[in-house]
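Architecture and fold: a report
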Number of protein chains: 2
Amino acid sequence: MPAIYNAPLKDIRFLIHGLLEGGGLSSLAKYHEITPDLMGAVLDEGARLCEQEFLAVNASGDEQGCNYDVDTQSVTTPAGFKQAYQAFVECGWLGISMDETWGGQAMPHLLGFAMEEMSCAANLSLSMYPGLTVGAMNLIATHANEQLQQAYLPNMVSGQWSGTMCLTEPQCGTDLGMIRTKAEPQDDGSYAISGNKIWITSGEHDLAENIIHLVLARLPDAPEGVKGISLFLVPKVLEDSRRNALGCTGLEHKMGIRGSATCFMNFDNAVGWLVGEPHKGLSCMFTMMNAARLMVGLQGLGTAESAYQTALSFARERLQSRSISGPVAPDQPADPILVHPDVRRMLLRQKVINEGNRALAYWTAMHIDISLHHDDEAVRQQADDIVQLMTPVVKAHLTDEGFDCCNLALQTLGGSGFTKDWGIEQLVRDVRITRIYEGTNGIQALDLVGRKLPMQGGRLIRSFLQLLDTELKAYSHHRHYPAVKAARDDMQAATFWLAQEGVKDPEEVAQGATPYLRLLALTAIGWLWLKMSLKAEQMLADGDPDVGFYQGKIKSADFYMAKVLAETTILLKDIQSGKQVLMAFGDEEF
Amino acid sequence: MPAIYNAPLKDIRFLIHGLLEGGGLSSLAKYHEITPDLMGAVLDEGARLCEQEFLAVNASGDEQGCNYDVDTQSVTTPAGFKQAYQAFVECGWLGISMDETWGGQAMPHLLGFAMEEMSCAANLSLSMYPGLTVGAMNLIATHANEQLQQAYLPNMVSGQWSGTMCLTEPQCGTDLGMIRTKAEPQDDGSYAISGNKIWITSGEHDLAENIIHLVLARLPDAPEGVKGISLFLVPKVLEDSRRNALGCTGLEHKMGIRGSATCFMNFDNAVGWLVGEPHKGLSCMFTMMNAARLMVGLQGLGTAESAYQTALSFARERLQSRSISGPVAPDQPADPILVHPDVRRMLLRQKVINEGNRALAYWTAMHIDISLHHDDEAVRQQADDIVQLMTPVVKAHLTDEGFDCCNLALQTLGGSGFTKDWGIEQLVRDVRITRIYEGTNGIQALDLVGRKLPMQGGRLIRSFLQLLDTELKAYSHHRHYPAVKAARDDMQAATFWLAQEGVKDPEEVAQGATPYLRLLALTAIGWLWLKMSLKAEQMLADGDPDVGFYQGKIKSADFYMAKVLAETTILLKDIQSGKQVLMAFGDEEF
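Residues numbered from 1 in each chain as written. Chains lettered and ligands numbered in written order. Predicted model: local features only at pLDDT ≥ 70, side-chain atom pairs only at ≥ 80, totals over all residues. Heavy atoms only, no water.

As annotated in an unreviewed UniProt entry, chain A is Acyl-CoA dehydrogenase C-terminal domain-containing protein from Kistimonas scapharcae. Per UniProt, the comment on chain A under Sequence similarities (unreviewed entry) is "Belongs to the acyl-CoA dehydrogenase family." (UniProt positions renumbered as here; feature names shortened; annotations may be inferred.)

**Observations concerning the overall build of chain A**
Assigned secondary structure in chain A consists of 20 helices and nine strands. What you see for chain A is a C-alpha radius of gyration of 24 Å, in line with the 25 Å of a compact globule of 590 residues. Dimensions of chain A, computed from C-alpha atoms along their principal axes, come out at roughly 80 × 65 × 60 Å. Residues classed as buried in chain A amount to 64% of the 590 residues present. Contacts spanning at least 24 positions in sequence make up 74% of the contacts within chain A whose residues lie at least 6 apart. Chain A carries 48 positive and 71 negative side-chain charges, and their two centres are separated by 5 Å. (Helix = DSSP H or I, 4+ residues; strand = E, 2+ residues; numbered from the N terminus. Rg over C-alpha atoms; globule rule 2.2 N^0.38 Å. Buried < 20%, exposed > 50% of the residue type's maximum accessible area, 1.4 Å probe, protein only. Contact = heavy atoms within 4.5 Å. Lys, Arg positive; Asp, Glu negative; His and termini not counted. Charge placed at Lys NZ, Arg CZ, Asp CG, Glu CD.)

**With respect to the packing of helix α2 (residues 36-56) of chain B against helix α5 (residues 109-122) of chain B**
Residue and element names in this part refer to chain B. In the contact formed by α2 and α5, the axes pass within 9 Å of each other and the chain directions differ by 20°. Classed by the angle they form, the pair α2 and α5 counts as roughly parallel. The handedness of the crossing between α2 and α5 comes out as right-handed. Mapping the contact onto sequence places Met39, Val42, Leu43, Gly46, Ala47, Leu49, Cys50, Phe54 and Leu55 in α2 and Leu111, Ala114, Met115, Met118, Ser119 and Ala122 in α5. Split by residue class, the contact of α2 with α5 holds 13 nonpolar, two polar and no charged. (Axes fitted to C-alpha atoms, helices over the stretch in contact; angles between N-to-C directions. Parallel < 35°, antiparallel > 145°, perpendicular 65-115°, else oblique. Left-handed = near helix turned anticlockwise from the far one by under 90°. Nonpolar A, V, L, I, M, F, W, Y, C, P; charged D, E, K, R; others polar.)

**Structural notes on the relation of the copies chain A and chain B**
Copies of the same chain, two in number, are related to each other by a rotation about an axis and a translation along it. Superposition record for chain A on chain B: RMSD 0.0 Å, screw rotation 180°, translation along axis 0.0 Å. Such a combination of turn and shift is consistent with a two-fold rotation axis. Residue by residue, 99% of the interface of chain A is reproduced at the interface of chain B, so both copies engage with the same surface. (Least-squares fit on C-alpha atoms with pLDDT ≥ 70 in both.)

**Quick notes on the nonpolar core**
In terms of nonpolar packing, the biggest core is built from 413 residues, with Phe464 and Tyr516 of chain A together with Phe464 and Tyr516 of chain B touching the most fellow members. Sequence-distant contacts of Phe464 of chain B, defined by excluding residues within four places in its chain, comprise Trp363, Leu389, Met390, Met491, Leu520, Ala524 and Trp527 of chain B. (Core = buried A, V, L, I, M, F, W, Y, C linked by side-chain atoms within 4.5 Å.)

Below, the structure written as structure tokens:
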């Protein structure tokens, strides 16, 4: 029996229309026509595609993997990927949030996020082909000149062409300052690109007619380090239909996402076009990476949702031992394992973590739309601050927890979880990479404490704390107030400690990065659980008939407060224990 | 570059001869001849075998897996497994702790534990073939009649024959009361065994001439449930060289340990012999399972050690970015990533968790030898209490942490860790099963709180608390005393809470099982780290030249106290938050 997936549309609607009150979209003139009904219809259609086409080729895609042919340097994706990809692009999903100028549907990013979660849940490998294209399109739409936009965007939006980002080289991953790929200016205004790239997702495949590579390289006069990197658009097939001088020289053999082609790429005087300013390539690429980081967070969430549903279904059906408080299925040889407190501990942790993480991700996504389209510049700025602050948090926390939740799901199945039969072991292998790519989670944490905290004199975190305080004041009678307030105080204490110690020694900030990110995430989600609990109480008071769903929300908030949120105290302690215990080890002492 | 493994002999010697002062063996007449030199020589030989023969076929064994031939119902193990297995049995490792009567070497179990850790670290799949045999031999030596012992043990000790334990059936894993396999008494005193077993490790393979199955089944007059299960010895090949009526009907397709044959077995009126009393099979099997559970703990530890060594080596060599406090390798394009605080956080957690877990496992193993061979019955009893109490703790904690540490190792390598090239992803996949088999870690926790805590009116945990208190009193001036004392108090409070609430409602005990096991483990290991720190200080004061090793120990204890042990506070809180948040969820509320 393969992994189950039913898109959690009820929860998604609860977030968008309940908690986020229309996703803040009602305040945006641009989206006045995006009614709840319209959004609902779009989500229904997307859900159907994921539950059917994408899920159907998930296990087989893992089994088959991608195939590389050395003679033609071509890559064949697993059987059925092409049809599912076609169905995806024909529904217009690639351009869901893209401008109409390029053939897009100009819908809110919030919707794009929901679709990303669903497609990753159903088939992470397959979802990466359109996923990278969306990132590449956004980058081209933001930084390339009009000529390049007109030449490339329409065919990318339609899905005829796909995109990649080519950053990593054998000697450099995290430290992009060490990039060696060269770009030589040519007389016709183009550049000759030469070098080797590794880890290129969708670098070569058979789903699209052309592949548009966005490549980081150095101009001849480039300064050393990250300030000498430029960005180039390098198509696989040139405008005159000639093959460009680039190719895939092999595939990585990986633990998971085996249906996603992870390519070694060689550029040998390939024709490329400069995107943005010379030597400013890295900041252009960050446009793509920031969006990609949020998407990766959703990959962690989606995979964990699929794993949870499979585990819950197993726990309802598997009969083993009797409930401690007396048989609940006396006519059966044993009770379903869902009755056992320890099994519930595993399942509820998954449910509560997933729903909390979804709230954080969608709340962040809502602020992307506001940051782009609100009339008031101050509101746009505030929203952008939230997106900036939360991007590393969503990426790292949702993937760390996504992995943990997939493992809890596997554990719920016992021995069955370890076999290929139930599909959860694939989810564990697939989701493992999300903690690594688009910047490891350690790098996300360093981005948070090293860039986002000090940014604008600390404005981002200060305004988030202010937001929390304003909200908490309004909820000060609520039973969950003390728990959330305590977490908020731990977070403030940690923030102060890092600021204070960081002035004297930046290594003190770096050592606390990982626990700080988790502390911020748990606190923000604690606040969101309080809000969700309140909203659910209100829905019940208003007589909403879906009592089970809202009762479940209220009880999930109880679980979060009782079993999850208290961790902030030890995270604060960990941060405050300082760098000495880490840095004191000499080479011989490991 | 494949995973690295150098047996941690220095640490093993530090534990056996330093911390455990000869492993308590000096108090045992039986082991008077087992000098430190002799133990050292045996360990050296074992280490060489693991580092060379076992490690050499680990990655290839995963790649090839086991092969099942449907026509002959036979299983072929991966290339090279036969030679490595032969080398293992020729060195006499199978009988290392077995009685000389059966051809064993009658060495301490402590040594057997060290060998188990090393062999699992080098090749978990391969180590399972002899591992199950050791368990089966111990069971036969304890519960079978002399005739069966004489007929089967010598060839098992020599490695010509191997062993299995056949418990699980499709409808029952954890709940063995549901076993359906039947045993019909025959006129010649044998039994005809019929039924299907699944998940049978080494159920069929090509490493040994015969396979001795220990099978749980029901006699015709058996009462229902666990009180009606008997144990039978069922050989693949009978004494007259006929094949018995049993066979492997297929292999599981698994996430990891792909070189270990996990078999579907069918018994069709196979000839078997009763072991122990009728209907008392489960308690006999527990002899084997308890030993096996400790061994599984060592599998978690060994795998994590191998992963750590690979990650450390990577971190010393991989150059990426500069140290925040200034270049440490100015002649290189970047510094080794070992300089970064966040990388150290990952690596040191692995080191400290592994070494602490090793101390707990070896301390427990030492008490097996004392419980079997001490002259004083009271001392034997005390030692057995410790083994009983700590068996579920070692099994669950070392495998949970083993998995987490393998993942930290993978993370340390970034993208490289996700590829097949470095071997860590295999370790993550392999070690995943250790949290499940021989009783899931949830079942271990229930065994701890449901059986071990109430046993003998609470004697086991009471005497462990007394031991802690006596020891802590002696260390009350030490800088780590407050941290360990606080953890001990959390553990005591949790114990009281469970005892008190459990009287009213046993589900309150079950809901707290998993956090309680972790709380007990962290506390016990905290105490052992305090002792290790003291011992290391003493060795340095005595002028031991291995300054790096002992300084490393002292700093590791600092790390444990600063970054690990404080978790006990939230585990206590979790336990005390009670069952309500788990049990309140109705069927519609998940």
